[in-house]
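# Summary of structural features
Single-letter residue listing:
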Amino acid sequence: MTNEEKIKDILLHQFGYTYFREGQEEAILAALDGKDTLVMLPTGTGKSICYQITGYCLEGIVLIVSPLLSLMQDQVDQMKRMGEKRVTALNSLMSSEERKWVMSHLTDYKFIFLSPEMLQQKYVLAKLKSLTISVMAIDEAHCISQWGMDFRLEYLGLGMVRKELNNPLTMALTATATEVVREEILTSLFLEQDKTTQILYSVDRPNIALTTINCSHDKDEQLLNQIKNLSKPGIIYFSSKKKADQIASWLKKETSYTVESYHSDIINEDKIKIQQQFIQNEIELICATSAFGMGINKENIRFVIHYHMPASVESYLQEVGRCGRDGQQSIAVLLFEAGDQFLQKRLQEQSLPNNAMLEYAYRHKKIPEGSCSETQQQLLENYLSSGTPINQAKSQILGRERQKDRQLEYMVHYSQTTDCKRSFLLYYFNEKLIKNPSYCCSSCGLDQEFYDKIKEKEKLTHFSISKSWKEKIEELFLLSE
DNA sequence: CGAATTAAAAGTACTTTTAATTCGGTGCAGTACT
């Protein structure tokens, strides 16, 4: 049986699909041909099938590096539901007994999900070195560039891990990455450009109309106006937890929509609950920070509104891409007010250490107390312990600052351009817009017909009012009578 | 009345260890009542 026949067979018998979606087959065949791959496919097109089927065809264990514990848990559960028993995660949510048991029975598993942090624990890496790894899959690989430089430094350690594991066949997967980001992914994983197969598909999402509204002290009204005119469910993104909470409670008071806010201060239990309710159409609007979104598998999100713009065009496209997965007409709205970029600039400043902090740390061989944010401390500690010369550290940080400034500049430019927004986005990702969709963007013009069409769709989504446990139990009793 | 100071300070996650607080059950002793 050829590889082509073999993977079609697995697709049908393991997953129940009769055909591959675009890019999947290409990625799997390249991997089976022994090529490391960088797979860039649009959100929700089944990237996980790529490493799963590749794994089924090869001897040995598949390691999947995942950025979030909740995401891991979802994936493990989903694979178990599909009938795969040899799958597990390895993380801090498990009890130490549970973890020990898994650690001593690693060869019984075919798929192991772990975080970059766990993968770099000495006892884990040592154990894995003695096993046969068939595939090392890096899910949401853009995190390497988005988080690795300052927020989660362990993401930059994946290259060393790969080397330690004797360079296993590698598959990096993401939905949105510019050419620069793709290069950063390759170099930090020590993948050679000319020996890596890149499977790249357009980041364009023709069913998402792109609009920007310039506000002047009327952002709240503009927001309310948009929400009233658009069909639900939708996400509203903020760059401040406080503002997200504030607007959420204002909307609860002002409207009859079901609204919740979501950010890192929400305890884990509530985060899961809110996600579930949103997915089950019990919540219409989520006021969120960037904490919300990764791994949210919801098909019918109709709009994404940005109350604050994100730090980069990459992040913007990532967040916008969460609506309209079902292919139905959806819309992204950016509410812009002059000066909004300074909020991002502030956040940026407190994520990187300044010169004074660097000099203090190098002179006293310790981190200045009190004045440093957590990410600044992390980065300083990293520089000190790795013995990086201070001048090299300084120029690295300066380079990173410049890069972030440039990204922010592009984002502002996007908001202000009167040229086609879609062309701008695609140009940023080195693509050319071939054909404008009929509802393209605010520069190309969206008429009332567009809003009418979107409003139409609302009738199709059924929102269930959430019931109290008493009502639910009463219902059960009535059913059994 | 004008100048100077002050307050607040914006987002993203994982891991492991340690200290402090809270919670629930049990046994015992003291008190009030029959």
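Just so you know, these numbers come straight off a predicted model, no measurement behind them. (Residues numbered from 1 in each chain as written. Chains lettered and ligands numbered in written order. Predicted model: local features only at pLDDT ≥ 70, side-chain atom pairs only at ≥ 80, totals over all residues. Heavy atoms only, no water.)

Attention now moves to the sheet that holds strand S4 (residues 111–114). An order of S3-S4-S2-S5-S6-S1-S7 is seen for the seven strands of this open sheet, with the pairing classed as parallel. Every other strand in the sheet has two partners, leaving strand S3 (87–90) and strand S7 (196–200) as the edge strands with one partner each. Along the sheet, successive strands turn relative to each other by an average axial angle of 20°, direction set aside. (Pairing = 2+ DSSP bridges. Helix = DSSP H or I, 4+ residues; strand = E, 2+ residues; numbered from the N terminus. Axes fitted to C-alpha atoms, helices over the stretch in contact; angles between N-to-C directions.)

Moving on, we get to the UniProt feature "domain: Helicase ATP-binding" (unreviewed entry) in chain A. If you check UniProt for "domain: Helicase ATP-binding" (unreviewed entry), the listed places come out as residues 28–195 in our numbering. Span residues 28–195 is 42% helix and 17% strand, its end C-alpha atoms 16 Å apart. (UniProt positions renumbered as here; feature names shortened; annotations may be inferred.)

The next thing to look at is the environment of Val203. Position of Val203 among the secondary structure elements: in the loop between S7 and strand S8 (208–215). Judged by its relative accessible area of 8%, Val203 is buried. Along the primary structure Val203 and Ala291 are separated by 88 residues, whereas in three dimensions their C-alpha atoms are 22 Å apart. Sequence-distant contacts of Val203, defined by excluding residues within four places in its chain, comprise Met40, Ala175, Thr176, Leu317, Leu426, Phe429 and Glu431. (Buried < 20%, exposed > 50% of the residue type's maximum accessible area, 1.4 Å probe, protein only. Contact = heavy atoms within 4.5 Å.)

With that settled, consider the protein's contact with DNA strand B. Within the structure, DNA strand B sits among 31 residues, and Leu69, Ser92, Lys241, Thr289 and Gln350 are positioned closest to it. Of all atoms in DNA strand B that approach within 4 Å of the protein, 61% are sugar or phosphate atoms. At 3.2 Å from a phosphate oxygen of DNA strand B is found a side-chain nitrogen or oxygen belonging to Ser115. Within the contact set of DNA strand B, a sugar or linking oxygen lies 3.5 Å away from a side-chain nitrogen or oxygen of Ser290. Mapped by element, the contributors of at least two residues to the surface near DNA strand B are helix H6 (116–119), helix H12 (241–254), helix H15 (341–349) and helix H17 (374–386). Residue composition of the surface near DNA strand B, grouped by class: 10 nonpolar, 14 polar and seven charged. (Near = heavy atom within 4 Å. Polar contact = N/O pair within 3.5 Å; in protein donor to acceptor, adjacent residues only side chain to side chain. Nonpolar A, V, L, I, M, F, W, Y, C, P; charged D, E, K, R; others polar.)

In this section: the pairing of S8. Within S8, seven of the eight residues are buried, leaving the element largely enclosed by the surrounding structure. Where S8 lies against strand S13 (residues 330–337), eight bridges are found, and the strand directions are parallel. Within the sheet, the bridge partner assigned to Thr212 lies in S13 and is Leu334.

Glancing now at the environment of Ile331. Relative to the helices and strands, Ile331 resides in strand S13. Residue class for Ile331 comes out buried when judged on its relative accessible area of 0%. With 27 residues separating them along the chain, Ile331 and Val304 place their C-alpha atoms 6.6 Å apart.

The next point concerns the UniProt feature "domain: Helicase C-terminal" (unreviewed entry) in chain A. The UniProt entry lists residues 219–368 under the feature "domain: Helicase C-terminal" (unreviewed entry), expressed in the numbering used here. Helix makes up 43% of residues 219–368 and strand 16%, and the two end C-alpha atoms of the span are 39 Å apart.

What follows is about the domain arrangement of chain A. For chain A, the domain assignment lists domain 1 (3–200) and domain 2 (208–341 + 410–464). For domain 1 versus domain 2, the separation of C-alpha centres amounts to 30 Å. Across the boundary between the two partners, domain 1 contributes 16 residues, which contact 11 residues of domain 2. Interface area lost by domain 1 to domain 2 is led by Thr43, Thr176 and Thr178, which between them contribute 38%. In this assembly, domain 1 and domain 2 are joined by zero salt bridges. (Domains from an automatic or database assignment. Buried area = accessible area lost by both parts, 1.4 Å probe. Salt bridge = Lys/Arg side-chain N within 4 Å of Asp/Glu carboxyl O.)

Next up on the list: the nonpolar core. If you look at the biggest cluster of nonpolar residues, it comprises 76 residues, and the most contacted ones within it are Leu119, Leu128, Ile138 and Phe292. When residues of this core are sorted by domain, at least three fall in each of domain 1 (3–200) and domain 2 (208–341 + 410–464). Look past the residues within four positions of Leu128 in its chain and what remains in contact with it is Leu63, Leu106, Leu114, Leu119, Ile133 and Leu165. Counting residues in each nonpolar core, the second largest holds 33 residues, with Ile7, Ile28, Val76 and Leu173 among its members. (Core = buried A, V, L, I, M, F, W, Y, C linked by side-chain atoms within 4.5 Å.)

As a further point, take the side chain of His308. With respect to the helices, strands and loops of the structure, His308 is situated in the loop between strand S12 (303–306) and helix H14 (313–320). The exposure class of His308 is buried, given its relative accessible area of 10%. Of the polar contacts made by the side chain of His308, one reaches the backbone nitrogen of Ser239; its length is 2.9 Å. Other than its neighbours up to four places away in sequence, His308 contacts Lys219, Tyr237, Phe238, Ser239, Ser240, Lys243 and Leu343.

Attention shifts here to the pattern of salt bridges. Considering all chains together, one arrives at 17 salt bridges under this definition. The shortest N-O distance in the salt bridge between Glu25 and Lys8 comes to 3.6 Å. With Glu25 in helix H2 (residues 24–32) and Lys8 in helix H1 (residues 3–15), this pair connects stretches of sequence that are 17 residues apart. Of the charged contacts in the structure, one is a salt bridge between Arg162 and Asp36, with a shortest N-O distance of 3.4 Å. A residue pair is termed long-range when its members are at least 10 positions apart, and Arg162 in helix H9 (residues 158–164) and Asp36 in strand S1 (residues 36–40) qualify at 126 residues. One exposure class covers both Arg162 and Asp36, and it is buried. The structure contains a network of salt bridges with shared partners spanning Asp150, Arg400 and Lys404.

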